[in-house]
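Fold and contact review
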Amino acid sequence: MQVEEYLDKIAESEGTVHLTLIDPASQTPDQAAEIAHAAALGGTDAIMVGGSTGAGGVLLDQTLLKIKEKTDKPTILFPGNASGVSKHADAIFFMSLLNSRDINYITTNQAMGAPVVYKSGIEPISMAYIIVEPGGTVGWVGDAKLIPKRKPELAVAYALAGKYLGMHYTYLEAGSGADSPVTPEMIGAVKHVLGNNKLIVGGGIRDGETAKMCALAGADMIVTGTILEESSNVTAKIEELVSAIKK
Ligand SMILES: CC(C)=CCC/C(C)=C/CC/C(C)=C/CC/C(C)=C/COP(=O)(O)OP(=O)(O)O
Ligand SMILES: O=P(O)(O)OC[C@@H](O)CO
Ligand SMILES: [Mg+2]
């Protein structure tokens, strides 16, 4: 089964998907594989691999290879630029940062990365990437014109544009390590116009209660990264998050 179909099926049958984000720059490949293994035991559905700084090349390849030794969960690239593509992943979130001011993040990195995706045969999953305040490192790196937290209508406008451009997924991003995630009002307003298109929410989600709030507001998939890097018991943390968002 293709990864997109796999994720969509889980969203349908279990209500919400949990995605574990691993940044190859944050630990060794062996440590990354331990986190992925522990996350799989806790019930995560797939492993996203990427970071906004220094996440390409040998470190990315080694991280993916080690993760694949330790778990059968699908691996999905979450690239910060064209160097974030690796043939060792199962799929890639092939995203355009719709509210960037920099054409590099709207189409150029995509053009530079596309031939690598083509040759490697990994599955591209088209995605509209929208960054909301505070935006964190990724907002700065991607030169995003941040969507104000209290302006859901602007997020709705970008999400609709992505949908009409044919993108299957929409990712509302508050930035890795954000103090608080995207508001339920914004999530609900965006999901309302997306209909059956899948909505991913990430940035600043640290506990089951917050994850549940995002899921109830309309998120189809929840991403957590930072909290897992900080957890002493990744399996228990994932169990907390997963049990809060699944039917
Ligand atoms: C499709 C291709 C080949 C490239 C897309 C390139 C685009 C649009 C990038 C968007 C801007 C960007 C810098 C995204 C990075 C996404 C990401 C991996 C963020 C989270 O990484 P963390 O490691 O959690 O955050 P820090 O890097 O801030 O720690
Ligand atoms: O690290 P956290 O805050 O979980 O954010 C995850 C993801 O949305 C970052 O791209
Ligand atoms: Mg990081």
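This one's a predicted model, so the numbers in the text were calculated from it and none came from an experiment.

**A word on helix H4 (residues 103-120)**
- Between its first and last C-alpha atoms H4 spans 25 Å; for 18 residues at 1.5 Å apiece the expected length is 26 Å, and the two agree.
- At Ala 111, H4 shows its largest bend, some 35°, and a proline, Pro 115, comes one to four positions later.
- Where the residues of H4 are buried, they touch strand E4 (91-97) and strand E5 (123-131).

**Observations regarding the site of ligand 2**
- Neighbouring ligand 2 are 15 residues, the closest being Ser 176, Gly 202, Gly 203, Gly 225 and Thr 226.
- Residue assignment for the shell around ligand 2 shows that the elements contributing at least two residues are strand E8 (221-224) and helix H9 (226-230).

**A few points about the site of ligand 1**
- Around ligand 1 there are 28 residues in total, and Asp 23, Gly 51, Gly 113, Thr 137 and Ser 176 lie nearest to it.
- Elements with a minimum of two residues in the shell around ligand 1: E4, H4 and helix H5 (136-141).
- Grouping the amino acids of the shell around ligand 1 by side-chain chemistry returns twelve nonpolar, 15 polar and one charged.

**Quick look at unusual backbone geometry**
- Note the cis peptide between Glu 133 and Pro 134, where omega equals 5°.
- Position of Pro 134 among the secondary structure elements: in the loop between E5 and H5.

**Some thoughts on the sheet that holds E5**
- Reading around the barrel, the eight strands line up as E1-E2-E3-E4-E5-E6-E7-E8 and close back on themselves, with parallel pairing between neighbours. Here the average twist between neighbouring strands, direction ignored, is 30°.
- For strand E3 (residues 75-77) and E4, the ladder comprises two bridges, and the chain directions are parallel. Its bridge partner being in E4, Leu 77 is matched across the sheet by Ile 92.
- Together, E4 and E5 form the strand contacts of H4, whose direction differs from that of E4 by roughly 160°.
- Across the sheet, helix H7 (residues 184-194) is in contact with strand E6 (169-173) and strand E7 (198-202); its angle to E6 comes to roughly 170°.

**As for the pairing of E7**
- Most of E7 is tucked away, with five of its five residues classed as buried.
- Of the two faces of E7, the one holding Lys 198, Ile 200 and Gly 202 and the one holding Leu 199 and Val 201 are both buried throughout.
- Alignment of E6 against E7, held across five bridges, turns out to be parallel. Note that in E7 the partner of Glu 173 across the bridge is Gly 202.
- As a crossover connection, the stretch from E6 through H7 into E7 is right-handed.
- Sheet topology note: the E7/E8 ladder contains three bridges and is parallel. Pairing of Val 201 across the sheet is with Ile 222, part of E8.
- The parallel pair E7 and E8, bridged by helix H8 (residues 208-217), forms a crossover whose chirality is right-handed.

**Overview of the UniProt feature "binding site: sn-glycerol 1-phosphate" (unreviewed entry) in the protein chain**
- The feature "binding site: sn-glycerol 1-phosphate" (unreviewed entry), as annotated in UniProt, sits at Tyr 171, Leu 172, Glu 173, Ala 174, Gly 175, Ser 176, Gly 177, Gly 203, Gly 204, Gly 225 and Thr 226 in this numbering.
- When you line up the elements, Gly 175 lands in the loop between E6 and H7.
- Ignoring sequence-local partners within four residues, the contact set of Thr 226 consists of Ser 176 and Gly 177.

**Here we look at the environment of Ala 82**
- Topologically, Ala 82 is positioned in the loop between E3 and E4.
- By the C-beta count within 10 Å, which is 18 here, Ala 82 ends up partly exposed.

**Comments concerning the nonpolar core**
- If you look at the biggest cluster of nonpolar residues, it comprises 79 residues, and the most contacted ones within it are Ile 92, Ile 130, Leu 172 and Ile 222.
- Looking at which element gives the most residues to this core, the answer is helix H2 (residues 29-42), with seven residues.

**Brief notes about the UniProt feature "binding site: Mg(2+)" (unreviewed entry) in the protein chain**
- Under the UniProt annotation, "binding site: Mg(2+)" (unreviewed entry) lies at Asp 23 and Ser 52. Sequence-wise these annotated residues cover 30 residues; spatially they are packed, their C-alpha atoms never more than 8.5 Å apart.
- Within the secondary structure, Asp 23 sits in the loop between strand E1 (17-22) and H2.
- For Asp 23, a count of 22 C-beta atoms within 10 Å gives the class buried.
- Along the polypeptide, Ser 52 turns up in the loop between strand E2 (46-49) and helix H3 (57-70).
- On the basis of neighbour counts, which here come to 21 C-beta atoms within 10 Å, the residue Ser 52 falls in the buried class.
- When near neighbours in sequence (up to four residues on either side) are disregarded, Ser 52 contacts Gly 80, Thr 137, Val 138 and Val 141.

Rules and cut-offs
- Residues numbered from 1 in each chain as written.
- Chains lettered and ligands numbered in written order.
- Predicted model: local features only at pLDDT ≥ 70, side-chain atom pairs only at ≥ 80, totals over all residues.
- Helix = DSSP H or I, 4+ residues; strand = E, 2+ residues; numbered from the N terminus.
- Expected span 1.5 Å × (residues − 1).
- Bend = angle between axes of the 7 residues up to and from the residue.
- Contact = placed C-beta atoms within 7 Å.
- Near = placed C-beta within 6 Å.
- Nonpolar A, V, L, I, M, F, W, Y, C, P; charged D, E, K, R; others polar.
- Pairing = 2+ DSSP bridges.
- Axes fitted to C-alpha atoms, helices over the stretch in contact; angles between N-to-C directions.
- Buried ≥ 20, exposed ≤ 12 C-beta atoms within 10 Å, placed from the backbone.
- Right-handed = clockwise from strand over helix to strand, strands pointing away.
- UniProt positions renumbered as here; feature names shortened; annotations may be inferred.
- Core = buried A, V, L, I, M, F, W, Y, C linked by C-beta atoms within 7 Å.

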